[in-house]
Amino acid sequence: MSHVFVSYARPDEALARLVADELRGAGFEVWRDDELPAHRPYAEVIEERVKEARAVVVLWSAEAAKSHWVRAEADTARGAATLVQASLDGTLPPMPFNQIQCADLKAWDGQRTAPGWRKLLASVSALAGSPEADSKRVTSREVSICVLPFQNMSGDPEQEYFSDGISEDITTDLSQVSALEVIARNTAFTFKSQSVNVCDVARKLGVTHVLEGSVRKVGNRVRINAQLIDGASGGHLWAERFDRDLTDIFTIQDEISNAIVAALKLKLLPEEKKAIAKRRTQSAEAYNLYLLARQYWVTGNHGDARREERVMRICSRAVEIDPYYADAWALLALAQSSLRYSFGRDIDDGFGAANAALSIDPDIPQARLPIVKRHQQRGNHDQAAAEMEKALRFGDDSWEVNREAGRYFLNHREIDTATRHYERAVELVDDDFHSWAMLSTCYQAMGDKEKVRAAGKKMVSEAQRAVRQDPSNGAALGILAGGYALQGELERAHEWMDRAMLVDPDNLSMRYNFACVLASYGRDTEGAIKLLLGVLPAAADAMVRTAVVDPDLDPLRDDPRFVKVLSGAMKRLGIAAPEAATSPAQP
């Protein structure tokens, strides 16, 4: 399906609803402001939806022409070249929108053969793509399900990590059932914070059933509501409310998964029953802490050591509660490794915590990553390659593994392989703006300008989301500036750079990213060199190793100032130059 935003004035709501319904009937996914969620500022949601839409249908009328909201939405769409206009009462669009064609829907009653409607529909199809051309997902099983992200009803946005974790774990449990096809977590989470029609979701994803629910966690009590819905009829096959102590959280998850299997009349194999019942920890407290730590790890400010420090503190407490919690040990190892090699802190590099995780679960893939970094730092390249191979063997579905594999292969100038892993990383966590930025680097090295622009657009949209949540997120500010530069909006890129430097001046990762933007896309060699002269002398091991081979810095390779500052940083850290660093990546 295709994404369409409908803009209108409140007195025209009846006609707007008719337009939206007819567009949905034509196969498009349509959003208008009757779907505003109750827990988010409406201005923020509307801005987000307008910018994400492939086509923005503005319904002009005498009232709409007076509306600041409609004008603002039309102006945003005009700038993004997604504007489609129609007049409901003969009113011409106001300036400057009167320079663009406008369909005539005066006295339109929903007749699909009306010339004005055909004109509007053709324009929407040209921008958003013909729904008939969208390929349907190939189903592999007779019964399929999408687990929508459970709503956080705790009244505290900081509890979002818990409801997300519940949704992910139920998805994982159901994925153990061989007779059931389960939509991937990342696809399901594209509907997060949206008011959706379950039947539309089922039709869009090609699934037979949808699970939705909500979570309220207050103190040591948790309330979970869950409903299994038939995707065709919208009817409830099963619904239940669980009001228990937090210590019962694993029992609740088991009951939900087993109830769904029973309602769908599926049979579980003995090993599938064991897989659903298996828990990584039996401690609800340790589980809660791990979910909290991983939320900080995934969404925190990259380039700010406080993210790593926070994750270390929380995971240390989790493994103190449950010393056999492999996931918590692995995340602790990742944070320690990052703090050592990305920030130059004189601390344990995560090797011990990684081996603790592997002693509990030899197949946990992310625990291999700190070991890879230790071998790389010590020049043990064969051992590093062997550990990376083991991580990849079990880590195809691991965001951490694919993200680190992308960095690993990019540093070896294996662009195609790096691209594949970064693409997998954003499949798993779509809002990972850092991986989108790294993908832009890969696409640039491959000479794929269309994909560079597409990655730049995602950098902007996902970094904007992060900045709205945390205006001081230096990493997101840096990626946002880079995304604008990739789209040719250099003035806006410089505006965001200036803002970021004021907000987070000590973020070396952010300043390094700015240098990459200026060198590769901004055509500002002097600005890039100036930034690197301040960054590389203070940079830790990981950043300097990246600078040695980073394709974004290839325009600077012959500049003696860059050569001097980079070689000085390498000498300071004892890093030898790989042969691949002497020539740019090949498309």
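This text goes with the structure placed above it.
To keep things clear, this report deals only with the structure shown in the data block. (Residues numbered from 1 in each chain as written. Predicted model: local features only at pLDDT ≥ 70, side-chain atom pairs only at ≥ 80, totals over all residues. Heavy atoms only, no water.)

## Some thoughts on the packing of helix α13 (residues 326-341) against helix α15 (residues 368-377)
Inference 1: Look at α13 against α15: their axes get within 9 Å of each other, and the N-to-C directions meet at 25 degrees. The angle between the axes of α13 and α15 places the two elements in the roughly parallel class. Read as a crossing pair, α13 and α15 show a hand that is left-handed. Contacts between α13 and α15 pair A333, L334, S337 and Y341 from the former with L369, P370, K373, R374 and Q377 from the latter.
Inference 2: Split by residue class, the contact of α13 with α15 holds five nonpolar, two polar and two charged. (Axes fitted to C-alpha atoms, helices over the stretch in contact; angles between N-to-C directions. Helix = DSSP H or I, 4+ residues; strand = E, 2+ residues; numbered from the N terminus. Parallel < 35°, antiparallel > 145°, perpendicular 65-115°, else oblique. Left-handed = near helix turned anticlockwise from the far one by under 90°. Contact = heavy atoms within 4.5 Å. Nonpolar A, V, L, I, M, F, W, Y, C, P; charged D, E, K, R; others polar.)

## Structural notes on helix α11 (residues 284-299)
Two residues of an α-helix separated by three or four positions point the same way, owing to the 3.6 residues in each turn.
Inference 1: Here α11 spans 23 Å end to end across 16 residues, near enough to the 22 Å set by a 1.5 Å rise per residue.
Inference 2: Residues A284, A286, Y287, N288, L289, Y290, L291, A293, W297 and V298 constitute the buried set of α11.
Inference 3: Of the surrounding elements, those touching the buried residues of α11 are α6 (160-174), β9 (209-218), α9 (249-263), α12 (305-321), α13 and α17 (399-411). (Expected span 1.5 Å × (residues − 1). Buried < 20%, exposed > 50% of the residue type's maximum accessible area, 1.4 Å probe, protein only.)

## Overview of the pairing of strand β3 (residues 55-60)
Inference 1: Burial runs high along β3: six of the six residues are buried.
Inference 2: Both faces of β3 are covered, namely the face carrying A55, V57 and L59 and the face carrying V56, V58 and W60.
Inference 3: Alignment of strand β1 (residues 3-7) against β3, held across four bridges, turns out to be parallel. Paired with F5 across the two strands is V56, which belongs to β3.
Inference 4: The pairing of β3 with strand β4 (residues 83-87) spans five bridges and is parallel. Paired with W60 across the strands is S87, a residue of β4. (Pairing = 2+ DSSP bridges.)

## A closer look at the sheet that holds β4
Inference 1: Spatially, β2-β1-β3-β4-β5 is the arrangement adopted by the five strands of the open sheet, whose pairing is parallel. On the outer flanks of this sheet lie β2 (29-31) and β5 (103-104), each paired with one strand and no other.
Inference 2: Strands β1, β3, β4 and β5 of the sheet are contacted by helix α5 (residues 115-128), whose axis makes an angle of about 170 degrees with β4.

## Digging into the pattern of salt bridges
Inference 1: Counted under the stated rule, the structure contains 42 salt bridges.
Inference 2: Linking E404 and R407 is a salt bridge whose minimum nitrogen-to-oxygen distance equals 2.4 Å. Linking E404 with R407, this pair stays in helix α17, spanning three residues, or about one helical turn. When sorted by exposure, E404 lands in the same class as R407, which is buried.
Inference 3: One network of salt bridges, in which partners are shared, links R49, E52, K458, E462 and R465. (Salt bridge = Lys/Arg side-chain N within 4 Å of Asp/Glu carboxyl O.)

## Concerning the packing of aromatic side chains
How two aromatic rings sit relative to each other is set out by the distance from centre to centre and by the angle between their planes.
Inference 1: Summed over the entire model, instances satisfying the criterion amount to six aromatic pairs.
Inference 2: Plain terms: the ring middles of F250 and Y287 are 5.1 Å apart, the flat faces sit at 70 degrees to each other, and that makes the pair edge-to-face. Here F250 is found in helix α9, whereas its partner Y287 is found in helix α11, with 37 residues between them in sequence. Accessibility classification places F250 together with Y287 in one group, the buried group.
Inference 3: Of note, R185 hangs over the ring of F189, and the distance from its end group to the ring centre comes to 4.0 Å.
Inference 4: The side chain of R310 reaches across the aromatic face of Y296, ending 4.8 Å from its centre. (Phe/Tyr/Trp six-rings, centres within 6.5 Å; stacked < 30°, edge-to-face > 60°. Lys NZ or Arg CZ within 6 Å of the ring centre and 35° of its normal.)

## Things to note about the pairing of strand β11 (residues 236-245)
A regular strand places its side chains so that they alternate between the two faces of the sheet.
Inference 1: Relative to β11, strand β10 (residues 221-230) is paired through nine bridges, and the arrangement is antiparallel. Paired with Q227 across the two strands is A239, which belongs to β11.
Inference 2: The hairpin turn running from β10 into β11, its antiparallel successor, is five residues long, and G234 in that turn takes a positive phi close to 80 degrees.

## Some words on the nonpolar core
Inference 1: F162, L211 and I256 are the most contacted members of the largest nonpolar core, which totals 142 residues.
Inference 2: At ten residues, the largest contribution of residues to this core is made by α13.
Inference 3: Setting aside chain neighbours within four positions, we find F162 in contact with V215, K217, V222, L246, I249, Y287, N288 and L291.
Inference 4: Listed in part, the 23 residues of the second largest apolar core include V4, V6, L59 and V124. (Core = buried A, V, L, I, M, F, W, Y, C linked by side-chain atoms within 4.5 Å.)

## Focus on the side chain of E308
Inference 1: Tracing the chain through its elements places E308 in helix α12.
Inference 2: Among the polar contacts made by the side chain of E308, one reaches the side chain of R307 at a distance of 2.8 Å.
Inference 3: When residues no more than four places from it in sequence are discounted, the contact partners of E308 are W297, A335, S338, L339 and F343. (Polar contact = N/O pair within 3.5 Å; in protein donor to acceptor, adjacent residues only side chain to side chain.)

## Considerations on helix α19 (residues 433-446)
Inference 1: Between its first and last C-alpha, α19 extends 20 Å over 14 residues, near the 20 Å set by a 1.5 Å rise per residue.
Inference 2: Buried residues dominate α19, accounting for eleven of its 14 residues.
Inference 3: When α19 is considered as a whole, its buried residues turn out to be F433, S435, W436, A437, M438, L439, S440, T441, C442, Y443 and A445.
Inference 4: Packing partners of the buried residues in α19 comprise α17, α18 (415-428), α20 (449-469) and α21 (474-486).
Inference 5: Positive backbone phi, at 80 degrees, marks G447, one or two positions downstream of α19.

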